[in-house]
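Now for the letters of each chain:
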Amino acid sequence: MGKLKIIYKNLPLKKALTITIVSSLFTAFLGAMVILLATRPSYYALAAKNPENPALHWHDFFAISTVGIYVCVVIIAGSYIFYRLKLSAPLKVLTEGIEQIAVDNLDFSVQYDAEDELGTLCRSFERMKNELQNNYKRIWRMTEERRKLGAAFAHDLRTPLTVLQGYTDFLEEYIPFPEKEDTKLLETNRMMAYYIKRLEDYVEVMNKIQKLEDTPVKIQTVSIDSFMKMLDDNIKLTAKEYGKDISVTNEANLQEVRGDISLIFRVLENVMRNAFRYSETKVFVRLYEQNHLLSFEMIDDGAGFSPEALEQALNPFYTSGQSGTSHLGLGLNICKILCEKHGGSISISNTPDSGARVQFSFLLEK
């Protein structure tokens, strides 16, 4: 019985409904024939005694009524079996899932293992819920990143604004007393121009980050040979610019690279320039493919990340103070945005020899 129940549960809805209707009609027909055959002897006995007996009419009425009630019971039972075995469980699962979504709770799972259309619907519902959950997480991360970016932006604006305010106060004091040194006025004007330019750079960077988040990923396909040729040319030019050495190891067992090539090289060049900036003499690059991700590992022979940098370097506007005061500290944060936009990620660490290691990846389109 249990095996038949499982087989029936996994039948397509149309086939299960057809079997239920045919079985119900056949059962009803057999039952009606049995009732009618069982009541015929008593009918004939009454008719033999008195053909005009009114009880004959009541006998037929009760016989037909019994047949009708029996047929109705069989149809209702068949409908209940169909609902109970085919509709009840998936409808309950889907209703509970919809109620959970209605109260903004996506931490649940839709479990219904039948192989019929409703099983397929439940699995599709589960995939939809997972995508919705991923989108919520993505929106939450974007909101959190924007909050951090806004906080960092506001924090870094305080310094140039404070300096500009100080120089403005100085000019207010200078105007009534023009006998003060002109060199001091020129120096003040130069510093104000510098900090105004820094404010302009901040605003430009904020616009750039917004454009990065709104720019679509443009997928294209290139052969691995063409990709490595572009990589080699890019690396050689950058290494020559910084006067450093670089070695590349290709461990990717790929025939082609399918993704946003421009975005990939933008991240690669940004990370590579950082590596050259902090390296002593050489940078090492390893290219590999894992879990359908095109991944890079870039290691330099410099001093590595400080403990503070390991925690903050991927955040916006973080600077270690080694790149000059004009450095806004957005390189790795922009790389993080681009990697995640392409379905990958970026992480930083130090090697056992204290060199800096940056690992970043991009999802390869199928």
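Residues numbered from 1 in each chain as written. Predicted model: local features only at pLDDT ≥ 70, side-chain atom pairs only at ≥ 80, totals over all residues. Heavy atoms only, no water.

1. Some remarks on the side chain of Lys86
- Counting through the fold element by element, Lys86 comes out in helix 3 (residues 55-102).
- With residues up to four places along the chain from it excluded, the contact list for Lys86 reads Tyr8, Lys9, Asn10, Leu11, Leu13, Ala16, Ile81, Tyr112, Asp116 and Leu118. (Helix = DSSP H or I, 4+ residues; strand = E, 2+ residues; numbered from the N terminus. Contact = heavy atoms within 4.5 Å.)

2. Topic: the packing of aromatic side chains
- Using the criterion set out here, one finds 5 aromatic pairs in the structure.
- Between Phe296 and Phe360 the ring centres are 5.2 Å apart and the planes differ by 10°, which places this aromatic pair in the stacked class. Taken together, the positions of Phe296 in strand 5 (residues 293-300) and Phe360 in strand 7 (residues 356-363) put the pair 64 residues apart, joining distant regions of the chain.
- You can call Phe296 buried: its relative accessible area is 0%.
- A relative accessible area of 1% places Phe360 in the buried class.
- Geometrically, the ring pair formed by Phe360 and Phe362 is edge-to-face, given 6.0 Å between the ring centres and 80° between the ring planes.
- Here a set of aromatic residues connected by ring pairs shows up, and it is made of Phe296, Phe360 and Phe362. (Phe/Tyr/Trp six-rings, centres within 6.5 Å; stacked < 30°, edge-to-face > 60°. Buried < 20%, exposed > 50% of the residue type's maximum accessible area, 1.4 Å probe, protein only.)

3. Some details on unusual backbone geometry
- Positioned with a positive phi, Asn291 is a non-glycine residue whose angle comes to about 55°.
- Summarising the element assignment, Asn291 is placed in the loop between strand 4 (282-290) and strand 5.
- A relative accessible area of 69% places Asn291 in the exposed class.
- Although it is not a glycine, His292 adopts a positive phi angle of roughly 60°.

4. Quick notes on the nonpolar core
- Of all hydrophobic cores here, the largest spans 43 residues; its most connected members are Phe227, Phe296 and Phe360.
- Listed by contribution, the elements that provide at least two residues to this core are helix 6 (224-242), helix 7 (261-278), strand 4, strand 5, helix 9 (331-341), strand 6 (346-350) and strand 7.
- With 10 residues, helix 7 is the single largest residue contributor to this core.
- Setting aside anything within four residues of it in sequence, one finds Phe296 in contact with Phe227, Ile264, Leu268, Val285, Arg286, Leu287, Tyr288, Val358, Gln359, Phe360 and Phe362. (Core = buried A, V, L, I, M, F, W, Y, C linked by side-chain atoms within 4.5 Å.)

5. A closer look at a nonpolar patch on the surface
- A cluster of nonpolar residues, Phe26, Phe29, Leu30, Met33, Leu36 and Leu37, forms a patch on the protein surface that exposes about 590 Å² of accessible area.
- Positionally, Leu36 belongs in helix 2 (residues 13-49).
- Owing to a relative accessible area of 30%, Leu36 belongs among the partly exposed residues under this scheme. (Patch = residues over 30% accessible without salt bridge, like charges linked within 9 Å, V, L, I, M, F, W, Y side chains within 5 Å. Areas by Shrake-Rupley, 256 points an atom, 1.4 Å probe, with all protein chains shown as cover. Salt bridge = Lys/Arg side-chain N within 4 Å of Asp/Glu carboxyl O.)

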